Amino acid sequence: MRAALATGVDTPLSLIDREIPEPGPGEVLVKITACGLCFTDLNLLRGHFPFARFPIIPGHEITGTVAALGDGVAGLSVGDAVGAQFLYDSCRHCDYCVSGDQILCPAKRITGITADGGYAEYGLFKGGYVTPLPAGLDPVAAAPLMCAGLTAFNGLRRAGATASSRVAIIGAGGIGALAVQYAVAMGARVAVIGRSAAGEGAARELGAEMYVASRDTDPAAALRAWGGGADVILNAAPSNEAASAVLTGLAPDGTMVLCGYDNTPLTLSAQPMVLNRLHVMASPSGSPHDLRDTLAFSAQHRILPKVTPIDLDEAPAALEAMGGGSGGGRRVITFA
């Protein structure tokens, strides 16, 4: 099989050939249909994950079909359409695992960072961490749902978004664009905060009723004027500064959820938090049952990202373009 291999920090991906693996007990061999390019893949190459294993095949936004099953795998058959996510596996016996919060397991492994991922024609994954795709869900467009979609959907519901909520999304890129669509489908009123007015048209097409260009308008003040503030703010931008600037745009008892972030300290003003009982939380992707819910909701409401298919050979250049801010939308590696 052909694959793209990350051999170390600040080193371009290498295109290689290797033997197709055989599934052992509890393992699932997936013939990969598509794998989305995520900013996390770029951060892997930038050295943001000191626990990363090199060499590694990156990629955790994976769709494909079951090619073979190891002994002991239940609930799947050869030929089934499936997805694989950020969470590769976990210990299965700690309190977090047995309660269904495997994403919080201290011993979890991460697809494409500590276990081989989806920049390859085949991938070996763990039973219980491979999720069936709902019927009719396009596997190429659905690939980013395994990370960006899961992160957005799970972040909104963990923060308590409901049909009566005012929800503000900071950044309407990969995670943010899906968060807008999910919040609208939940029945919430939605505002989008972007850097410039150039993003307003796209945000309104997704269903946002209000758009704030932070270069021109104080976003927190704009949200406070929007019926008293947002009940939920989801930060989808890779910027802690952007989140800090919007904190006081929360309504009393409101929640900010961090789905995007950077490596700088997060600075928050304590007084408005205390006086208004504000909440700040983070949401790291999700567990297998969260992905099932995300895919079911996406299929029911026909929510899919707009993607640009690319070949595996194009992945190194596409990641480089993403790092320079010219990624050209969501790129998805496709395999024949």
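Residues numbered from 1 in each chain as written. Predicted model: local features only at pLDDT ≥ 70, side-chain atom pairs only at ≥ 80, totals over all residues. Heavy atoms only, no water.

Naming follows an unreviewed UniProt entry, where the protein chain appears as alcohol dehydrogenase of Microbispora bryophytorum. The record held by UniProt for the protein chain lists under Cofactor (unreviewed entry) the comment "Zn(2+)". In its Sequence similarities (unreviewed entry) section, the UniProt record describing the protein chain reads: "Belongs to the zinc-containing alcohol dehydrogenase family." (UniProt positions renumbered as here; feature names shortened; annotations may be inferred.)

(A) Representation of the sheet that holds strand S14 (residues 250–258) in the model. Taken in spatial order, the six strands of this open sheet run S12-S11-S10-S13-S14-S15, and their pairing is parallel. Where the open sheet ends on each side, the last strands, each with one partner, are strand S12 (210–213) and strand S15 (279–282). Across the sheet, the mean angle from the axis of one strand to that of its neighbour is 20 degrees, orientation sign disregarded. Helix-sheet contacts for helix H4 (residues 148–158) involve strand S10 (166–170), strand S13 (230–235), S14 and S15, and the interaxial angle to S13 is about 150 degrees. (Pairing = 2+ DSSP bridges. Helix = DSSP H or I, 4+ residues; strand = E, 2+ residues; numbered from the N terminus. Axes fitted to C-alpha atoms, helices over the stretch in contact; angles between N-to-C directions. Contact = heavy atoms within 4.5 Å.)

(B) Structural context of the nonpolar core. Judged by nonpolar contacts, the single largest core of 47 residues is most densely connected at Leu37, Tyr119 and Ile333. Tallying contributions element by element places strand S3 (residues 27–36) first for this core, with five residues. Ignoring any residue separated from it by four or fewer positions in sequence, one finds Leu37 in contact with Glu61, Tyr119, Ile310, Ala315, Ala318, Leu319, Met322, Arg330, Arg331 and Ile333. With 37 residues, the next largest nonpolar core counts Ala142, Leu156, Leu178 and Cys259 among its residues. (Core = buried A, V, L, I, M, F, W, Y, C linked by side-chain atoms within 4.5 Å. Buried < 20%, exposed > 50% of the residue type's maximum accessible area, 1.4 Å probe, protein only.)

(C) Helix H10 (residues 288–301), seen in detail. Counted at 1.5 Å a residue, the expected span for H10 with its 14 residues is 20 Å, and the 20 Å between its end C-alpha atoms agrees. Residues of H10 that are buried: Pro288, Asp290, Leu291, Thr294, Leu295, Phe297 and Ser298. Those residues of H10 that are buried lie in contact with strand S6 (87–89), strand S9 (130–132), H4 and helix H5 (174–185). After H10 finishes, the residue Arg302 shows a positive phi value of roughly 55 degrees. (Expected span 1.5 Å × (residues − 1).)

(D) Focus on the state of the cysteines. The final tally for this structure, using the stated rule, is zero disulfides. In this model Cys97 remains outside any disulfide bridge; the closest cysteine sulfur is found in Cys94, 3.6 Å from its own. For Cys97, a relative accessible area of 8% translates into the label buried. (Disulfide = S-S within 2.5 Å.)

(E) Quick look at the side chain of Thr294. Inspection of the secondary structure assignment puts Thr294 in helix H10. Within the local environment of Thr294, its side chain forms a polar contact with the backbone oxygen of Asp290, the two atoms lying 2.9 Å apart. Sequence-distant contacts of Thr294, that is, excluding residues within four places in its chain, are made with Leu145, Gly149, Leu150, Phe153 and Tyr182. (Polar contact = N/O pair within 3.5 Å; in protein donor to acceptor, adjacent residues only side chain to side chain.)

(F) Quick look at the pairing of strand S17 (residues 330–334). For S3 and S17, the ladder comprises three bridges, and the chain directions are antiparallel. From the neighbouring strand, Cys35 faces S17, where its bridge partner is Ile333. When strand S16 (residues 307–310) meets S17, the two strands line up parallel, connected through four bridges. Looking at the pairing, Pro309 lines up with Val332 of S17.

(G) Fine view of the environment of Gly187. In this fold, Gly187 is placed in the loop between H5 and strand S11 (189–194). Among the residues examined, Gly187 registers a relative accessible area of 40% and is labelled partly exposed. In this structure, the C-alpha to C-alpha distance between Gly187 and Ala152, residues 35 residues apart in sequence, is 15 Å.

(H) Highlighting unusual backbone geometry. A cis amide bond, omega -5 degrees, links Phe54 with the succeeding residue Pro55. Mapped onto the elements, Pro55 comes out in the loop between helix H1 (39–45) and strand S4 (62–69). One non-glycine residue, Asp253, adopts positive backbone phi at about 70 degrees. One can find Asp253 in strand S14. By relative accessible area, Asp253 is classed as partly exposed at 37%. Within the chain, Ser285 stands out as a residue other than glycine whose phi angle is a positive 55 degrees. Along the polypeptide, Ser285 turns up in the loop between S15 and H10.

(I) Expanded view of the pairing of strand S5 (residues 81–84). Pairing between S4 and S5: four bridges, direction antiparallel. Its bridge partner being in S5, Thr63 is matched across the sheet by Gly83. Pairing geometry for S5 and S9, over three bridges, is antiparallel. Bridge pairing in S9 places Val82 opposite Pro132.

(J) Structural view of the packing of aromatic side chains. Taken as a whole and assessed by the stated rule, the structure comprises five aromatic pairs. Residues Phe153 and Tyr182 carry aromatic rings whose centres are separated by 5.5 Å and whose planes lie at 70 degrees to one another, so their mutual orientation is edge-to-face. Of this pair, Phe153 sits in helix H4 while Tyr182 is found in helix H5, placing the two residues 29 residues apart along the sequence. Classification of Phe153 as buried rests on a relative accessible area of 6%. Aromatic pair Tyr182 and Phe297: ring centres 5.9 Å apart, planes at 65 degrees, arrangement edge-to-face. (Phe/Tyr/Trp six-rings, centres within 6.5 Å; stacked < 30°, edge-to-face > 60°.)

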